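Single-letter residue listing:
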Amino acid sequence: MNAVLRLAAAVAVTAAGITSAGALEERHEHPHYSGQMRLDWCFTYGKDCGQMSANDFCRVQGYEHATNFEVEKVSPTKTPTGEVCNGSFCTGFAFIDCFTSGERGRARDWPQRIDPNN
């Protein structure tokens, strides 16, 4: 009986996104730029696509970095640098999984331009 309870607790903790003591991973479905348009998968228009844009989204949300993401065709989208894409060729994130090894930091406002070295 105790083994069943421990297993159930472990499953509940894993389902909540806690991957180790103090660590936290959370999925953000259809992430938006500053609550407006869907977030484009490129950091700047047509450049530095994927991990760089996902990492910056996670940092703005108070996490350390992105561990996983998926993209989909969607329009309009907005890059972290504020450029807008309109059209059938635009690509945004379907989801981004954000991770932090400790407590989640304080979320910050979207700046006009995100510094990838910050």
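For the structure itself, look to the data block above.
1. Some words on the overall build of the protein
Inference 1: From N to C terminus, the protein includes 2 helices and 8 strands.
Inference 2: Ordering the α and β elements of the protein from the N terminus gives α-β-β-β-β-α-β-β-β-β.
Inference 3: Looking at the protein residue by residue over its 118 residues, the buried ones come to 36%.
Inference 4: In the protein, the proportion of contacts linking residues at least 24 apart, taken out of those at least 6 apart, comes to 70%.
Inference 5: Within the structure as shown, the protein displays about 6,900 Å² of accessible surface, and the carbon and sulfur contribution to it stands at 53%.

2. Some words on helix α2 (residues 51-60)
Inference 1: Burial within α2 is extensive, with 7 of its 10 residues counted as buried.
Inference 2: For α2, the set of buried residues is Ser-53, Ala-54, Asn-55, Asp-56, Phe-57, Cys-58 and Val-60.
Inference 3: Residues of α2 that are buried make contact with β1 (24-29), β2 (38-39), β3 (42-44), β4 (47-49), β5 (65-73) and β8 (91-100).
Inference 4: Phi turns positive, to about 100°, at Gly-62, one or two residues after α2.

3. Quick notes on the sheet that holds β8
Inference 1: If you walk across this open sheet you meet the 3 strands as β1-β8-β5, and the pairing is antiparallel. The outermost strands of the open sheet, each flanked by one partner alone, are β1 and β5. Looking at each pair of strands side by side, their axes are set apart by 15° on average, direction ignored.
Inference 2: Here β5 pairs with β8 via 8 bridges, running antiparallel. Along β8, the bridge assignment pairs Phe-69 with Ile-96.

4. Some details on the state of the cysteines
Simply put, the disulfide is a covalent bond whose two ends are the sulfur atoms of two cysteines.
Inference 1: The tally for this structure, following the rule as stated, stands at 3 disulfides.
Inference 2: A sulfur-sulfur separation of 2.0 Å characterises the disulfide bridge that pairs Cys-58 with Cys-98. Note on the Cys-58 and Cys-98 pair: the S-S dihedral is about -80°, so by sign convention the disulfide is left-handed. Of this pair, Cys-58 sits in helix α2 while Cys-98 is found in strand β8, placing the two residues 40 residues apart along the sequence. With respect to burial, Cys-58 and Cys-98 carry one shared label: buried.
Inference 3: A disulfide bridge connects Cys-85 with Cys-90, and the sulfur atoms are separated by 2.0 Å. The S-S bond linking Cys-85 to Cys-90 shows a torsion near -90°; that makes this disulfide left-handed.
Inference 4: Assessed through its relative accessible area of 4%, Cys-85 is described here as buried.
Inference 5: For the protein, numbering the cysteines in disulfides from first to last along the sequence yields the connectivity 1-2, 3-6, 4-5.

5. A short note on the environment of Ser-88
Inference 1: Tracing the sequence through the fold places Ser-88 in the loop between β7 (84-85) and β8.
Inference 2: Assessed through its relative accessible area of 70%, Ser-88 is described here as exposed.
Inference 3: Separated by 12 residues in sequence, Ser-88 and Pro-76 place their C-alpha atoms 8.9 Å apart.

Conventions adopted
- Residues numbered from 1 in each chain as written.
- Predicted model: local features only at pLDDT ≥ 70, side-chain atom pairs only at ≥ 80, totals over all residues.
- Heavy atoms only, no water.
- Helix = DSSP H or I, 4+ residues; strand = E, 2+ residues; numbered from the N terminus.
- Buried < 20%, exposed > 50% of the residue type's maximum accessible area, 1.4 Å probe, protein only.
- Contact = heavy atoms within 4.5 Å.
- Areas by Shrake-Rupley, 256 points an atom, 1.4 Å probe, with all protein chains shown as cover.
- Pairing = 2+ DSSP bridges.
- Axes fitted to C-alpha atoms, helices over the stretch in contact; angles between N-to-C directions.
- Disulfide = S-S within 2.5 Å.

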